[in-house]
Amino acid sequence: MILLGDAASIPRPHTAASTSKAAANALALGDALRAWPDDTDRALSEWEQEQIIHGKYLRKMGMSMGDRLLFGRA
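Counting restarts for each chain, with residues numbered from 1 along the sequence as it is written. Predicted model: local features are reported for residues with pLDDT of at least 70 only, side-chain atom pairs are reported and counted for 80 or more only, and whole-chain, interface and lining totals are derived from all residues. The side-chain quantities take in all heavy atoms of the structure and omit both hydrogens and water.

Quick look at the overall build of the protein chain now. Secondary structure elements follow DSSP: runs of H or I no shorter than four residues count as helices, runs of E no shorter than two count as strands, and numbering proceeds from the N terminus. Helix and strand counts for the protein chain stand at 2 helices and 0 strands. When the 74 residues of the protein chain are sorted by exposure, 22% land in the buried category. Residue contacts are defined here by distance: any two heavy atoms, one from each residue, within 4.5 Å place the two residues in contact. Within the protein chain, residue pairs in contact and separated by at least 24 positions form 52% of the contacts whose partners lie at least 6 positions apart. Surface accessibility of the protein chain: about 5,400 Å² in total, with carbon and sulfur atoms responsible for 59%. Per-residue accessibility, obtained with a 1.4 Å probe over protein chains only, is compared with the maximum for each type, and a residue is labelled buried under 20%, exposed over 50%, and partly exposed between these values. Computed by Shrake-Rupley with a 1.4 Å probe, the accessible areas treat only the displayed protein chains as cover when residues are assessed.

Here helix α1 (residues 18–35) is 18 residues long and its end C-alpha atoms lie 26 Å apart, about the 26 Å a rise of 1.5 Å per residue gives. Taken together, the buried positions of α1 are occupied by Lys21, Asn25, Leu29, Gly30 and Ala32. Next to the buried residues of α1 lie α2 (40–71). To estimate the expected span of a helix, count its residues, drop one, and scale the result by 1.5 Å.

Take Gln51: it is sitting in helix α2. Apart from the residues within four sequence positions on either side, Gln51 is in contact with Asn25 and Ala28.

Any residue with relative accessible area above 30% and no salt bridge may belong to a patch, with like charges joined within 9 Å and the nonpolar Val, Leu, Ile, Met, Phe, Trp and Tyr side chains within 5 Å. Between Lys or Arg on one side and Asp or Glu on the other, a salt bridge is scored when a side-chain nitrogen of the former is within 4 Å of a carboxyl oxygen of the latter. A contiguous nonpolar patch, built from Leu69, Leu70 and Phe71 and spanning about 370 Å² of accessible area, is present on the exposed surface. Tracing the backbone shows Phe71 in helix α2.

When two helices pack together, their arrangement is given by the angle between the helix axes and the distance between those axes. Only the stretch in contact is used when fitting a helix axis, every axis being a line fitted to C-alpha atoms; angles between N-to-C directions are given from 0 to 180 degrees. The contact between α1 and α2 brings their axes to 9 Å, and the two run at 155°. In terms of orientation, α1 and α2 fall into the roughly antiparallel class. The handedness of the crossing between α1 and α2 is right-handed. Residue-level inspection shows Lys21, Asn25, Ala28, Leu29, Ala32 and Leu33 of α1 in contact with α2, the latter providing Thr40, Ala43, Leu44, Trp47, Gln51, His54, Gly55 and Leu58. Under the scheme applied here, ten amino acids are nonpolar (Ala, Val, Leu, Ile, Met, Phe, Trp, Tyr, Cys and Pro), four are charged (Asp, Glu, Lys and Arg), and all others, including Gly, are polar. Counted by class, the contact of α1 with α2 contains 8 nonpolar, 5 polar and 1 charged residues. For classification purposes, an angle smaller than 35 degrees is called roughly parallel, one larger than 145 roughly antiparallel, one from 65 to 115 roughly perpendicular, and anything else oblique. In a left-handed crossing the near helix is turned counterclockwise from the far helix by less than a right angle, and in a right-handed crossing that turn is clockwise.

This is the structure in structure tokens:
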């Protein structure tokens, strides 16, 4: 099973990143599968690492933006 975009990591709405994240996930997955056409496990592993980093970044940014917008704190 492959989870892409919002299914794998849901950014908070403050980031307005859901659609672009889903598109970037798909493009990056295509790149990884082309880079390792005979090793799907490696392709998925390489792709997943970057997606986890990006998902964590968006989570952090969304929380920060929400705190500023909703509570007026940095």
